[in-house]
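Take a look at the letters that make up each chain.
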Amino acid sequence: MTNLDDLLQRVRAKAYATAEQQLPSPATAVEVAQAESTLGFSLPPLLVRLYREVANGGFGPDYQLLPLVGEGRTAVSVYREEREELADGAPHWPADVLPVLDWGCGMFAAVDCRSAEGAVLLFEPNGVDDEWSQAWYVDAEGLAGWLETWLSGTGWYEEDAGEDGGMRPWEAARQRLSASS
């Protein structure tokens, strides 16, 4: 068994053990392919496996992963909304960055689908005036590490998480946003 297989087993176990209601069925290969076609980019393999092997959202840190596809609010629909919305005439959401979790108050966890490891970013727009690149932070270098943090209960969003001086800004934000205009 590979490390990712083990990780997915542990994620699945925690997802089902902590679910407040029945988790949705996993997404099908066809649904993932349709989502990627609609988005215009491929999803990182681990993200695909989460949606295909665990559930189509409804698990994960605090507010839980958005469903990839389906009725209502999905990762695909939120991505399209965020990409279409312009703040002060400027884009605030870069291409190929899929929102996967809505933290509330305009904040999102998002996966950089151009990143080999599927870097997880935090979009925190509160307090940003006009320089949208300042709203982007690196939450984890890769999706696997982000999931490990959730499994261990050590994420910044945990009630008893220690202060580590904050997240570092996402260095590529300014360039990626200017390429999006």
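Here the structure is a predicted model, which is why all the values come from computation and not from measurement. (Residues numbered from 1 in each chain as written. Predicted model: local features only at pLDDT ≥ 70, side-chain atom pairs only at ≥ 80, totals over all residues. Heavy atoms only, no water.)

**Student:** Describe helix α5 (residues 143-152), listing the residues and the values that go with them.
**Tutor:** An α-helical turn contains 3.6 residues, so a residue and the one three or four places further along point in the same direction. Looking at α5, one finds that the buried residues are L143, W146, L147 and W150. Projected onto a plane normal to the axis of α5, the buried residues spread over an arc of 95° and lie on a single side. In this structure, the buried side of α5 is in contact with α1 (3-18), α3 (45-54), β3 (97-104), β4 (107-112), β5 (120-123) and β6 (136-140). Two residues or fewer past α5, G153 is found with a positive phi of approximately 70°. (Buried < 20%, exposed > 50% of the residue type's maximum accessible area, 1.4 Å probe, protein only. Helix = DSSP H or I, 4+ residues; strand = E, 2+ residues; numbered from the N terminus. Arc of directions from axis to C-beta. Contact = heavy atoms within 4.5 Å.)

**Student:** Quick rundown of the pairing of β4? Include the residues and the values.
**Tutor:** Counted residue by residue, β4 has 6 buried out of 6 residues, so it is predominantly covered. Taking every second residue as pointing to the same face, both faces of β4 are buried, with M107, A109 and V111 on one and F108, A110 and D112 on the other. Bridge analysis of β3 against β4 gives 6 bridges, and the strand direction is antiparallel. Across the sheet, residue G104 finds its bridge partner in β4, namely M107. Between β3 and the antiparallel strand that follows it, β4, lie 2 residues; C105 among them carries a positive phi value of about 55°. Sheet topology note: the β4/β5 ladder contains 4 bridges and is antiparallel. Along β5, the bridge assignment pairs A110 with L121. (Pairing = 2+ DSSP bridges.)

**Student:** Before we move on, could you go through the packing of α1 against α3 and cite the residues and values that matter?
**Tutor:** At a minimum axis separation of 11 Å, α1 and α3 run at an interaxial angle of 45°. Accordingly, the angle class assigned to the pair α1 and α3 is oblique. Here α1 runs over α3; the crossing is right-handed. Here L4, D5, L7, L8, V11, R12, A15 and Y16 of α1 lie close against α3, whose contacting residues are L46, R49, L50, E53 and V54. (Axes fitted to C-alpha atoms, helices over the stretch in contact; angles between N-to-C directions. Parallel < 35°, antiparallel > 145°, perpendicular 65-115°, else oblique. Left-handed = near helix turned anticlockwise from the far one by under 90°.)

**Student:** Now, about the layout of surface pockets: what can you tell me, with residues and values included?
**Tutor:** One number sums up the size of the second largest pocket: a volume of about 160 Å³. What lines the second largest pocket is K14, A15, T18, A19, E20, G58, F59, G60, D62, Q64 and W150. Within the lining of the second largest pocket, the residues separate by chemical class into 4 nonpolar, 4 polar and 3 charged. (1 Å grid on protein atoms, 1.4 Å probe; cavity = no way out; pocket = protein on both sides within 12 Å on 5 of 7 lines; lining within 4 Å. Points joined across faces, edges and corners; volume = space filled by probe spheres on them. Nonpolar A, V, L, I, M, F, W, Y, C, P; charged D, E, K, R; others polar.)

**Student:** Tell me about the sheet that holds β6, residues and numbers included.
**Tutor:** In spatial order, the strands read β3-β4-β5-β6-β7; together these 5 strands make up an open sheet with antiparallel pairing. Each edge of the open sheet is held by one strand with a lone partner, namely β3 and β7 (168-169).

**Student:** How would you sum up the side chain of D139? Please name residues and give values.
**Tutor:** With respect to the helices, strands and loops of the structure, D139 is situated in strand β6. Buried and unpaired, D139 has R168 as its nearest opposite-charge partner, separated by 10 Å. A distance of 3.2 Å separates polar atoms of two side chains, one belonging to D139 and the other to W146. At 3.0 Å, the side chain of D139 forms a polar contact with the side chain of W156. In this structure D139 touches V120, L121, L122, W146, W156 and M167, once residues within four positions along its chain are discounted. (Lys, Arg positive; Asp, Glu negative; His and termini not counted. Salt bridge = Lys/Arg side-chain N within 4 Å of Asp/Glu carboxyl O. Polar contact = N/O pair within 3.5 Å; in protein donor to acceptor, adjacent residues only side chain to side chain.)

**Student:** Can you lay out the pairing of β6 for me, pointing to particular residues and giving the numbers?
**Tutor:** For β6, a buried count of 4 out of 5 residues is recorded, marking the element as mostly surrounded by other parts of the structure. Inspection of the sheet shows β6 paired to β7 by 2 bridges, in the antiparallel sense. By the bridge assignment, V138 is partnered in β7 with R168.

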